[in-house]
Amino acid sequence: MEEVKLWRDKRERDMYDSFADLYAIIKTTDKLEKAYVRDLVSSAEYEAECLKLIAQFRTLHSALRGAVPSLDRFAEAYRLDAPAGINRLLVSGVPATVEHRAAGSSSAAASASAVAECVQHFITAMDSVKLNMVAVDQVHPLLSDLSTSLAKLGNGLLPPDFEGRTKVRDWLARLAKMGAADELTDQQARQLHFDLESSYNSFMAALPNAGS
């Protein structure tokens, strides 16, 4: 029996791989929402995972904007029944725990938005390094955005000596000495990804209520 291929070339194959990733993110978010409502996951675990999924969704949805102009049509085409996931990712854009904390406080809402922005920049930077986007003119803007979003938080939510800020600044200083077309070596890229991942974990651990 002849094998049937969904794609004609590598570009189409990559697109279908991205469709599969998008489907998985939406479905996972939907299951996470249901688990949270049923009290099967703690608020801290829910929030950390939801922030990560939202950041991944934003990055992937932005990259697929031309191929997936409507998420509702995408869900219909691939028989994706995940209303809670779509609402959280597309309509709300922040975890339910953040919505609850921000309900009576404009300052809390601003903090929640800043935290979500930091998470998105962390995830985007780590994913880009994984995808071997390691030219200086590719990496520098991502780290610059991350540094700016961390600065917006000030010292209210993060400790003054938060290591993530220092590591990002050190990498920006290192990149500033290189040419735009220069690329990080494999060793440098591996170290950058390690620094970003450890900084992200420290960031999540340092947030208020992280251990509750």
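You'll find the structure just up there.
Small disclaimer: the values here were computed from a predicted structure and weren't measured.

A. Layout of the overall build of the protein. When you go through the protein residue by residue, the secondary structure sums to nine helices and zero strands. Tracing the protein from N to C terminus, the helices and strands come up as α-α-α-α-α-α-α-α-α. Relative to its 212 residues, the protein shows a buried fraction of 40%. Partitioning the intrachain contacts of the protein with sequence separation of at least 6 by distance along the chain shows that 76% fall at a separation of at least 24.

B. Looking closely at the pattern of salt bridges. Overall, the coordinates contain four salt bridges when judged by the stated rule. Lys34 is paired through a salt bridge with Asp30; the nearest N and O atoms lie 3.2 Å apart. Separated by four residues within a single helix, Lys34 and Asp30 lie in helix α1 (residues 10-37), roughly one turn from each other. In this structure, Lys167 engages Asp195 in a salt bridge whose closest nitrogen and oxygen atoms are separated by 4.0 Å. Of this pair, Lys167 sits in helix α8 (residues 163-176) while Asp195 is found in helix α9 (residues 186-206), placing the two residues 28 residues apart along the sequence. Beyond isolated ion pairs, a larger network of salt bridges with shared partners links Glu163, Lys167 and Asp195.

C. The nonpolar core, seen in detail. Core analysis: the largest hydrophobic core is formed by 33 residues, its most contacted members being Val119, Leu143, Leu150, Leu196 and Phe203. Mapped by element, the contributors of at least two residues to this core are α2 (43-63), α6 (106-130), α7 (136-153), α8 and α9. Other than its neighbours up to four places away in sequence, Val119 contacts Leu51, Lys52, Ala55, Tyr200, Phe203 and Met204. Among the nonpolar cores identified, the runner-up in size contains 24 residues, and Phe19, Leu60, Leu80 and Ala96 belong to it.

What counts as what
- Here, residues in each chain are numbered from 1, in the same order as that chain's written sequence.
- Given that the model is predicted, a residue must reach a pLDDT of at least 70 before its local features are reported, and side-chain atom pairs must reach 80 or more before they are shown or counted; all residues, however, enter totals for whole chains, interfaces and linings.
- Excluding hydrogens and water, the side-chain values take into account all heavy atoms of the structure.
- By the criteria applied, helices consist of DSSP H or I runs no shorter than four residues and strands consist of E runs no shorter than two, each listed in order from the N terminus.
- Only protein chains enter the accessibility calculation, which uses a 1.4 Å probe. A residue is then buried if its area is under 20% of the maximum for its type, exposed if over 50%, and partly exposed in between.
- Any two residues whose heavy atoms approach within 4.5 Å are treated as being in contact.
- A carboxyl oxygen of Asp or Glu within 4 Å of a side-chain nitrogen of Lys or Arg is what we treat as a salt bridge.
- Take the buried residues of types Ala, Val, Leu, Ile, Met, Phe, Trp, Tyr and Cys, join any two whose side-chain atoms come within 4.5 Å, and each joined set is a nonpolar core.

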